[in-house]
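Structure at a glance
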Amino acid sequence: MESQIMRTSFSSLDTANSVINGHRLSSIASSRKPFSIAFPQSKRTTRASCVLSMSKKDGLTYKDSGVDIDAGSDLIRRIAKMAPEIGGFSGRIPLGDSYLVLGMDGVGTKLKLAFETGIHETVGIDLVAMSVNDIVTCGARPLGFLDYFGTSHLDVDLAEKVIKGIVDGCQQSGCEYGLIGGETAEMPGFYAEGEYDLVGCALGIVKKDSVIDGKNIMPGNVLIGLPSSGLHSNGFSLVRRVVAQSGFSLKDQLPGGSISLGEALMAPTVIYVKQVLDIINKGGVNGMAHITGGGFTDNIPRVLPDGLGAVIHTDAWEVPPLFNFIQKYGNVEDSEMRRTLNLGIGMVMVVTPEAALRILGEADNGNYVAYRIGQVINGEGVTYH
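Residues numbered from 1 in each chain as written. Predicted model: local features only at pLDDT ≥ 70, side-chain atom pairs only at ≥ 80, totals over all residues. Heavy atoms only, no water.

Our next topic: the pattern of salt bridges. For the coordinates displayed, the defined rule picks out nine salt bridges. For Asp 168, the salt bridge identified is with Lys 164, shortest N-O distance 3.0 Å. Separated by four residues within a single helix, Asp 168 and Lys 164 lie in helix α5 (residues 156-172), roughly one turn from each other. One salt bridge in this structure joins Lys 282 and Asp 278, with 3.5 Å as the shortest N-O distance. For Lys 282, a relative accessible area of 40% translates into the label partly exposed. Salt bridges sharing partners connect three or more residues here, namely Asp 278, Lys 282 and Glu 362. (Salt bridge = Lys/Arg side-chain N within 4 Å of Asp/Glu carboxyl O. Helix = DSSP H or I, 4+ residues; strand = E, 2+ residues; numbered from the N terminus. Buried < 20%, exposed > 50% of the residue type's maximum accessible area, 1.4 Å probe, protein only.)

Okay, structure coming up:
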C-alpha cells in the first residue's frame with residue numbers, strides 16, 4: 001500500500017488453541033451502470049405467496065450479475081480441508097471459561113448506491129450490522145469493532161461521515177467498547193476516483209456453557225423469523241441488474257411503496273443484537289441463522305444437525321413489495337429469490353415450541369415483530385410450502 005493510516009489497534013490476547021469455525025465468501029460484482037430500487041418500510045401489503053409465484057425460464061440470476069454462489073461454496077469446501085472447523089457464522093477462540101467470537105464482513109456493492117446518491121451516513125451501520133448479526137448467532141455479546149476504509153484519495157469530510165455511521169452502529173448493537181481501532185488506506189490508482197471500500201470485524205464474547213451451536217435442535221423445533229428492513233447488504237449485484245432493465249430511477253416511487261427508490265434502497269441493515277440477546281436470556285433458543293447471501297436455502301442448513309431439514313411456510317409473513325418488484329422486472333425464479341435475498345426476514349431463530357409461544361406472545365403484545373415461519377423436520381435442506 002502506498003499510504004496507510006493506522007487508527008490504533010486492540011491489545012494482544014493471551015489465548016491458545018484457536019479454533020476458526022466461520023467462513024463465508026462475499027462476492028462483489030462490478031457495476032455496468034447506476035442502479036436503484038426501493039423498500040417501503042412503513043407499508044407492507046404483498047403476501048409471500050404472491051411474490052414467490054414466478055418460475056419462468058431465462059430470468060436473471062445472481063450468477064448473471066457476476067456473483068457465483070456455487071463457486072463460493074466450492075472455495076469454502078477447499079478451505080475446509082485446511083481448516084476443518086469452519087462453516088458457522090463466526091470464529092471462536094477459547095479464553096478461560098469463555099470464547100472470544102469474531103465475525104468479519106463488508107458492505108459490498110450497496111456502496112455503489114452511496115456513491116450515486118451521496119448518502120454516506122448509514123453505510124457504517126450496515127458494516128457493523130453484518131458482523132455483529134453474525135456473532136450473535138452463537139449468543140455472543142459484542143465487545144469491540146475494527147474497520148478498514150480504503151480509498152484512492154482520502155476525503156476527510158466523507159470519511160468522517162462513514163465512520164460516524166460505524167460509531168452509531170456500535171451504539172445500536174450495545175458494543176461495550178465501541179469502535180476500538182481500524183485502518184484507513186489511501187491507494188491512488190487502486191480504487192476508482194471518489195469511491196471507497198469498507199470492511200469490518202466484530203469481536204464478542206460468550207460463556208462456553210452458553211454457546212448456541214445448533215446441537216440441541218430437534219424435529220418439531222419452530223422457526224421464528226425477525227423482519228428485515230429491506231435488502232440489508234446483500235444481493236445488490238443482482239438487484240442493480242434488475243433495476244437497470246426496469247427503467248426506474250432513484251427518484252421514482254416503487255409500486256406499492258411510499259418513499260423514493262434511492263431512500264428505500266439505502267435503508268440501513270437491522271441490528272438484531274439487543275433483541276436477540278434478550279430472547280436468548282429467556283431460554284429455549286437452540287440455533288440462529290443470519291439471512292444474508294445464500295438466503296434461506298443456504299443459511300438455515302448451516303445451523304441444523306445432520307439428518308435434519310426445515311420447512312418454510314411462504315405465506316407466514318408479509319413480504320415487502322421490493323421483492324415482488326425484483327422478481328417481476330428481473331423475471332427471477334422462485335429458487336433464485338430464496339437463495340439470494342432475505343425476502344423480508346433477516347434473522348431466523350430455531351426455538352423450542354414453548355419458547356415459540358413466549359416469543360410470539362411478546363410480539364402480539366407489541367414488544368417487537370416476529371413470525372412463525374416454519375419448523376424443523378427429519379430430512380435435508382429447506383423445502384417451501
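Moving on to the nonpolar core. Ranked by size, the top nonpolar core spans 93 residues in total, and within it Ile 224, Ile 300 and Ile 326 carry the most contacts. In terms of residue count, helix α4 (residues 123-135) provides more of this core than any other element does, seven residues in total. The residues contacting Ile 224, other than those within four sequence positions of it, are Met 347, Val 348, Met 349, Val 351, Ala 356, Ile 359, Leu 360, Ala 370, Tyr 371 and Arg 372. (Core = buried A, V, L, I, M, F, W, Y, C linked by side-chain atoms within 4.5 Å. Contact = heavy atoms within 4.5 Å.)

A few words now on the pairing of strand β2 (residues 91-95). A large share of β2 lies buried, amounting to four of its five residues. Alignment of β2 against strand β3 (residues 98-106), held across five bridges, turns out to be antiparallel. When the sheet's bridge partners are listed, Pro 94 is paired in β3 with Tyr 99. The antiparallel pairing of β2 with β3 creates a hairpin that spans two residues between the two strands, and Gly 96 there sits at a positive phi of about 65°. (Pairing = 2+ DSSP bridges.)

A few words now on the environment of Ala 185. Locating Ala 185 in the fold gives a position in strand β5 (residues 179-186). Linking Ala 185 and Asp 197, residues twelve residues apart in sequence, is a C-alpha distance of 9.7 Å.

Another aspect to go through is the packing of aromatic side chains. This structure, assessed with the given rule, holds seven aromatic pairs. With 5.1 Å between their ring centres and 20° between their planes, Phe 149 and Tyr 196 make a pair best called stacked. Here Phe 149 is found in strand β4 (residues 141-151), whereas its partner Tyr 196 is found in strand β6 (residues 196-207), with 47 residues between them in sequence. Judged by centre distance (4.6 Å) and plane angle (40°), the rings of Phe 325 and Tyr 329 are tilted. In this pair, Phe 325 and Tyr 329 are both assigned in helix α10 (residues 321-330), four residues apart and thus about one turn of the helix distant. The buried category is assigned to Phe 325, whose relative accessible area is 4%. Since its relative accessible area comes to 27%, Tyr 329 is described here as partly exposed. Here a set of aromatic residues connected by ring pairs shows up, and it is made of Phe 115, Phe 149 and Tyr 196. The ring of Tyr 384 has Arg 338 sitting right over it, with the charged end atom 4.2 Å from the ring centre. (Phe/Tyr/Trp six-rings, centres within 6.5 Å; stacked < 30°, edge-to-face > 60°. Lys NZ or Arg CZ within 6 Å of the ring centre and 35° of its normal.)

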